[in-house]
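Chain by chain, the residues:
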Amino acid sequence: MAGLPAHLVAARAEASAQRPRNQPCPRCQADTLVARTADRVAAVDVRADPHPIDPNHPPAGRLLWCLIQHEHLPARIRWHDRWHAKSCTHTVLADHVCPPRPVQGVLL
């Protein structure tokens, strides 16, 4: 039995990479959502905290992402830019930042 054509395999792999999925952070082991943006020019791999934030009071210095969910389409992540933010009704997430590691005291 022959496998799927290469273009179908590539299309399925791309679609599965765009679906947000839970995955622990490799550095701090915190729960995160991981997905790839569906951009035609430059796709971005996103690691975001799974807890929604208030878009009116975003955390300083962090990128914001919209978790877009429709009942008939798979979920996806989109950048929360200034043009999209004006009419956004989606769940807003912030990119993941690992908590600071404790600094070891002076040994000598």
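As a convention, each chain's residues are numbered from 1 in the sequence order in which they are written. Per-residue local features are limited, in this predicted model, to residues with pLDDT of at least 70; the limit for side-chain atom pairs, both in listing and counting, is 80 or more; totals at the level of whole chains, interfaces and linings are taken over all residues. The basis for every side-chain value is the complete set of non-hydrogen atoms in the structure, without hydrogens or water.

**Regarding the overall build of the protein chain**
Each helix is a run of DSSP H or I of at least 4 residues and each strand a run of E of at least 2, with the numbering of both proceeding from the N terminus. Secondary structure summary: the protein chain contains two helices and six strands in total. Categorising residues by exposure relies on relative accessible area from a 1.4 Å probe, with only protein chains included: less than 20% of the type maximum marks a residue as buried, more than 50% marks it as exposed, and the intermediate range marks it as partly exposed. Across the 108 residues that make up the protein chain, the buried fraction comes to 24%. Counting only contacts in the protein chain whose residues sit at least 6 apart along the sequence, the fraction spanning at least 24 positions is 44%. Surface exposure of the protein chain reaches about 8,300 Å², of which carbon and sulfur atoms provide 56%. Note on contacts: a residue pair qualifies if any of its non-hydrogen atoms lie within 4.5 Å across the two residues. Accessibility throughout is a Shrake-Rupley quantity obtained with a 1.4 Å probe, and a residue counts as covered only by protein chains that appear here.

**Describing the pairing of strand β1 (residues 21–24)**
Strands are labelled as partners when DSSP assigns at least two bridges between them. Across four bridges, the pairing between β1 and strand β2 (residues 31–36) is antiparallel. Looking at β2, one finds that R21 is bridged to V34. The turn linking β1 back onto β2 is made up of six residues, and Q29 within it adopts a positive phi angle of 65 degrees.

**Structural notes on the sheet that holds β1**
Strands sit in the order β1-β2-β3 across an open sheet of three strands; the sheet is antiparallel. In the strand order of this sheet, the two ends are held by β1 and β3 (45–48), each with one partner. Ignoring strand direction, the axes of neighbouring strands in this sheet form an average angle of 35 degrees. As judged from the four bridges shared by β2 and β3, these two strands associate in the antiparallel manner. If you follow V34 over to β3, its bridge partner there is R47. Fitted lines through C-alpha atoms serve as axes, helices being fitted only where they are in contact, and the angles separating the N-to-C directions of these axes extend from 0 to 180 degrees.

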